[in-house]
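# Coordinate inspection notes
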Amino acid sequence: MVKTLLAGVLGVQGDVSEHVFSMKNALKEKNVDGRVVVVKQKKEIDNLDILIIPGGESTTISKILYKSGIYDRVVRRIENDDLPIMGTCAGCVLLAKELTDNENEEEVRLLHAMDIKVERNAFGRQRESFEKKIEFKGFDYPYNAVFIRAPIIRKTWGRCEILAKINKEMVVAVRQNRFLALSFHPELTNDVRIHKYFLDMSILRYR
Ligand code: GLN
């Protein structure tokens, strides 16, 4: 029997409905039988096949995750290596093992999923948001990425693979096993190639 894929979008803050919409389109385009749900309670984490953590404010999202107990459930599934996760913008921050500015671990409790060090709001106030065409590994034409108070991945190590950079040396997309972290917002364009990429690496074993 073929199981219906259950995709969760963390419904704490940020572009939740946009991610639901994009993931539904990606499932349709890939002909995958799946459902997309907004996740707000810890008990929902255990049933998911894949999870998206949207952008927003990493400090706020992290506090709510911790208080609600969702944090512990997600960490357990990361440790069991049985939950593919895509984190976008603030979600990218949360997937990191290290931040450049997190002396007080209470401020942002990281999920410690990926071998990356992230700098929050790396473009400063001058450039709060912008769009840029980027080369994304494996894509045959550039992807229009939307950056909003975006973080930058300052350091990668271990098994982390770089998928996209801007301005030559600024890393904006990485993958490690079945985790995908992006400093931009793939849910804000109609181009669902990144959601499809996430599906591929999660369930169809990309490459
Ligand atoms: N600056 C935010 C943070 O560090 C991320 C912004 C976003 O998700 N659009 O949490």
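Residues numbered from 1 in each chain as written. Predicted model: local features only at pLDDT ≥ 70, side-chain atom pairs only at ≥ 80, totals over all residues. Heavy atoms only, no water.

Once that is clear, we can look at the overall build of the protein. Of regular secondary structure, the protein possesses 6 helices and 12 strands. Against the compact-globule benchmark of 17 Å for 207 residues, the protein has a radius of gyration of 16 Å, which places it among compact chains. Considered along the principal axes of its C-alpha atoms, the protein spans approximately 50 × 40 × 30 Å. For the protein, buried positions account for 53% of its 207 residues. Within the protein, contacts between residues separated by at least 24 positions form 67% of all contacts whose residues are at least 6 apart in sequence. When the accessible surface of the protein is summed, it comes to about 10,000 Å², and 45% of that surface belongs to carbon and sulfur atoms. Each charge sign in the protein was given a centre, from 34 positive and 29 negative side chains, and these centres are 2 Å apart. (Helix = DSSP H or I, 4+ residues; strand = E, 2+ residues; numbered from the N terminus. Rg over C-alpha atoms; globule rule 2.2 N^0.38 Å. Buried < 20%, exposed > 50% of the residue type's maximum accessible area, 1.4 Å probe, protein only. Contact = heavy atoms within 4.5 Å. Areas by Shrake-Rupley, 256 points an atom, 1.4 Å probe, with all protein chains shown as cover. Lys, Arg positive; Asp, Glu negative; His and termini not counted. Charge placed at Lys NZ, Arg CZ, Asp CG, Glu CD.)

Summary: where empty space remains is shown by rolling a probe the size of a single water molecule over the atoms. Estimates place the volume of the largest pocket at around 170 Å³. Taken together, 15 residues make up the lining of the largest pocket; nearest its centre are Gly56, Cys89, Ala90, Ile148 and Arg149. Here the lining of the largest pocket is composed, by residue class, of 5 nonpolar, 6 polar and 4 charged. (1 Å grid on protein atoms, 1.4 Å probe; cavity = no way out; pocket = protein on both sides within 12 Å on 5 of 7 lines; lining within 4 Å. Points joined across faces, edges and corners; volume = space filled by probe spheres on them. Nonpolar A, V, L, I, M, F, W, Y, C, P; charged D, E, K, R; others polar.)

Here we come to the site of the ligand. Lining the immediate environment of the ligand, one finds Gly55, Gly56, Glu57, Ser58, Cys89, Ala90, Arg120, Asn121, Ile148, Arg149 and His185. One of the backbone nitrogen or oxygen atoms of Gly56 is found 2.8 Å away from an oxygen atom of the ligand. Arg149 places a main-chain nitrogen or oxygen 3.0 Å from a nitrogen atom of the ligand. Calculation on the ligand without its partners gives an accessible area of 300 Å², and the protein chains cover 98% of this total. (Near = heavy atom within 4 Å. Polar contact = N/O pair within 3.5 Å; in protein donor to acceptor, adjacent residues only side chain to side chain.)

Grouped together as the largest cluster of nonpolar side chains are 39 residues, with contacts concentrated most on Met23, Ile134, Phe136, Leu180, Phe184 and Ile194. With sequence-adjacent residues up to four places away left out, Leu180 is seen in contact with Ile85, Met86, Gly87, Leu95, Met114, Leu163, Val174, Arg175, Ile194, Tyr197, Phe198 and Met201. Formed by 36 residues, the second largest nonpolar core is a distinct cluster that contains Leu95, Ala96, Ile116 and Cys160. (Core = buried A, V, L, I, M, F, W, Y, C linked by side-chain atoms within 4.5 Å.)

A few words on the pairing of strand 4 (residues 85-88). Side chains Ile85 and Gly87 project from strand 4 onto one buried face, and the interleaved Met86 and Thr88 project onto a second face that is buried too. Relative to strand 4, strand 3 (residues 50-53) is paired through 3 bridges, and the arrangement is parallel. Note that in strand 4 the partner of Leu51 across the bridge is Ile85. Relative to strand 12 (residues 179-182), strand 4 is paired through 4 bridges, and the arrangement is parallel. When the sheet's bridge partners are listed, Gly87 is paired in strand 12 with Ala181. (Pairing = 2+ DSSP bridges.)

What characterises a pair of aromatic rings is the spacing of the ring centres plus the angle enclosed by the ring planes. Using the criterion set out here, one finds 10 aromatic pairs in the structure. Pairing Tyr66 with Tyr71 gives two aromatic rings, centres 5.4 Å apart and planes at 65°, and the pair type is edge-to-face. In this structure Tyr66 comes out as partly exposed when scored by relative accessible area, which is 38%. Centre to centre, the rings of Phe136 and Tyr197 are 5.5 Å apart; their planes meet at 80°, and the pair counts as edge-to-face. Taken together, the positions of Phe136 in the loop between strand 7 (129-134) and strand 8 (143-148) and Tyr197 in helix 6 (residues 193-204) put the pair 61 residues apart, joining distant regions of the chain. (Phe/Tyr/Trp six-rings, centres within 6.5 Å; stacked < 30°, edge-to-face > 60°.)

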